[in-house]
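Architecture and fold: a report
Each chain is listed here by its residues.
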Amino acid sequence: MTTDQHNTPPPLPDVGSLVRDTWNGRIGVVMDRVGGRVALRPQGGGVEWFALPGDLEAVALSEGLSQPVREANARSRGGHR
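Residues numbered from 1 in each chain as written. Predicted model: local features only at pLDDT ≥ 70, side-chain atom pairs only at ≥ 80, totals over all residues. Heavy atoms only, no water.

**Let's talk about the nonpolar core**
Worth spelling out the cut-off: Joining through side-chain atoms within 4.5 Å is the link that ties buried Ala, Val, Leu, Ile, Met, Phe, Trp, Tyr and Cys residues into a set, and such a set is a nonpolar core. For every residue, the accessible area obtained with a 1.4 Å probe (protein chains only) is divided by the maximum for its type, and the residue is called buried under 20%, exposed over 50%, and partly exposed between those limits. Labels follow the DSSP assignment, with helices taken as runs of H or I lasting at least four residues and strands as runs of E lasting at least two, numbered in each case from the N terminus.
One finds Val-19, Val-30, Val-38, Leu-40, Trp-49, Ala-51 and Leu-56 forming the largest nonpolar core, which totals 7 residues. At the level of elements, strand 3 (37-41) and strand 4 (49-51) are the ones that each hand at least two residues to this core.

Below, the structure is given as structure tokens:
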């Protein structure tokens, strides 16, 4: 009998890691890991959301730092690009 690697769940990211939720494109900080899901929060604070580990990818710190700037710019323009 061989081990089927396709049934292996993706690894859970470490708490404090910066990740992108590929399902919605948002970048967040891992706050907790609960029941096979990952709780994320926007870097600047805000409402947490849950994601599946398979939908997450690591983000470079430099990329994560630019998101709050983009969001602040969008707010200052009234949400328009």
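Now that the structure has been shown, the text picks up again.
**A few points about the pattern of salt bridges**
The condition is simple: Each salt bridge in this description consists of a side-chain nitrogen of Lys or Arg and a carboxyl oxygen of Asp or Glu lying within 4 Å of one another.
One pass over the structure, following the stated rule, counts 2 salt bridges. Across the pair Arg-20 and Glu-57 runs a salt bridge, and its minimum N-O distance is 2.8 Å. Here the residue Arg-20 occupies a position in strand 1 (residues 18-21), and Glu-57 occupies one in strand 5 (residues 56-58), the gap between them amounting to 37 residues. Classification of Arg-20 as buried rests on a relative accessible area of 18%. Residue Glu-57 is classed as partly exposed on the basis of its relative accessible area of 35%. Its salt-bridge partner being Glu-48, residue Arg-41 comes within 2.7 Å of it at the nearest N-O pair. Residue class for Arg-41 comes out partly exposed when judged on its relative accessible area of 29%.

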